[in-house]
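Residue-level listing of the chains:
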Amino acid sequence: MDTIWLDGAEWLAVLRIGLGLWWLESWRHKDKKAWFREGSGIAWAAGVAEKHRWAAVRSGFDVVVRPRPKAMAHVVVYAELALGLGLILGFLTPVALVGGLLLNLLYLVLMIHDWAEQGQNSMMALISVVALFGMSWQTWSLDSALGLFP
């Protein structure tokens, strides 16, 4: 593979780190007080789920999220933080990439009507797939330094 400036593995590491920064920004810009104390994020998602065209999304939200809004707020917020740090540092990278892909697919399905969110989530999912199958943890990662996932 011919590349400019960096080699292929380094470009994949750049892509992985960029995705991690995107997840970290998703975590950073959330109003944690509103999410944790006021339940704003889950309340917003509940409104989206109630109007969703797919019954499976409505019923899935009612079964999994609605009964435990505070716990789910913590899961979402800290999952985004863990994904960001894991991808930036390259620690447990395949796990972070699969977890991020699944979270993006959940966001994509929940927000099927929101074109702005569709673009962000589909691009993040695509980057996750490329970084996963390109084994982006080979360079500039704790996984590589520790000999994980050879």
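Since we're looking at a predicted model, the values are computed, not measured.

**Q** Lay out the nonpolar core with the relevant residues and their values.
**A** Generally speaking, nonpolar side chains in soluble globular proteins are found buried as a group. Grouped together as the largest cluster of nonpolar side chains are 28 residues, with contacts concentrated most on Leu19, Trp23, Trp35, Ile42, Phe61 and Leu97. Within the residue set of this core, elements represented by two or more residues are helix 1 (8-28), helix 2 (32-38), helix 3 (40-50), helix 4 (55-64), helix 5 (69-89), helix 6 (93-110) and helix 7 (115-133). In terms of residue count, helix 5 provides more of this core than any other element does, six residues in total. For Leu19, the residues in contact, after removing those within four places along its chain, are Leu87, Leu97, Met124, Ile127 and Ser128.

**Q** Hey, could you go over the packing of aromatic side chains for me, with residue numbers and the actual values?
**A** What the rule picks out here adds up to four aromatic pairs. Look at Trp23 and Tyr107: their rings are 6.4 Å apart centre to centre, the planes differ by 55°, and that puts the pair in the tilted class. With a gap of 84 residues between them, Trp23 in helix 1 and Tyr107 in helix 6 connect regions that are remote in the sequence. The pair Trp23 / Tyr107 is uniform in exposure class, with both members buried. The ring of Trp27 has Lys32 lying over it, and the distance from NZ or CZ to the ring centre is 4.1 Å.

**Q** Go over unusual backbone geometry, please, and point to the residues and values.
**A** The phi torsion at Trp5 lies on the positive side, around 75°, for a residue other than glycine. Locating Trp5 in the fold gives a position in the segment before helix 1. Not every positive phi belongs to a glycine, and Met135 is a case in point at roughly 50°. Given a relative accessible area of 31%, Met135 falls into the partly exposed group.

**Q** Give a detailed account of a nonpolar patch on the surface, specifying residues and quantitative values.
**A** Side chains of Leu85, Leu89, Phe91, Leu92, Val95, Leu142, Leu146, Leu148 and Phe149 sit close together on the surface and give an oily, nonpolar patch of about 740 Å² of accessible area. Structurally, Phe149 can be placed in the segment after helix 8 (142-146). According to the relative accessible area criterion, Phe149 is partly exposed, its value standing at 32%.

What counts, and where the lines are drawn
- Per chain, residue numbering runs from 1 following the sequence as it is written.
- At least 70 in pLDDT is required for a residue's local features to be given in this predicted model, at least 80 for side-chain atom pairs to be given and counted, and no such filter applies to totals for whole chains, interfaces and linings, which use all residues.
- Computation of side-chain values covers all heavy atoms of the structure but excludes hydrogens and water.
- Nonpolar core, defined: a set of buried Ala, Val, Leu, Ile, Met, Phe, Trp, Tyr and Cys residues in which side-chain atoms within 4.5 Å join the residues together.
- Throughout, exposure labels follow a simple rule: accessible area from a 1.4 Å probe, protein chains only, divided by the maximum for the residue type, with under 20% read as buried, over 50% as exposed, and the rest as partly exposed.
- Numbering goes from the N terminus for both helices and strands, where a helix is a DSSP run of H or I of at least four residues and a strand is a run of E of at least two.
- Any pair of residues with heavy atoms lying within 4.5 Å of one another is described as a contacting pair.
- Here a pair means two rings of Phe, Tyr or Trp (six-membered ring of Trp) with centres within 6.5 Å. Their orientation is stacked below 30 degrees between planes, edge-to-face above 60, and tilted elsewhere.
- Placement of a charge over a ring requires the Lys NZ or Arg CZ to be within 6 Å of the ring centre, with the centre-to-atom vector within 35 degrees of the ring normal.
- Every patch collects residues that have over 30% relative accessible area and no salt bridge, joining them within 9 Å if they carry like charges and within 5 Å if they are nonpolar side chains (Val, Leu, Ile, Met, Phe, Trp, Tyr).
- The Shrake-Rupley method, run with a 1.4 Å probe, gives the accessible areas here. Residue values count only the displayed protein chains as cover.
- Take a side-chain nitrogen of Lys or Arg and a carboxyl oxygen of Asp or Glu: if they are within 4 Å of each other, that pair is a salt bridge.

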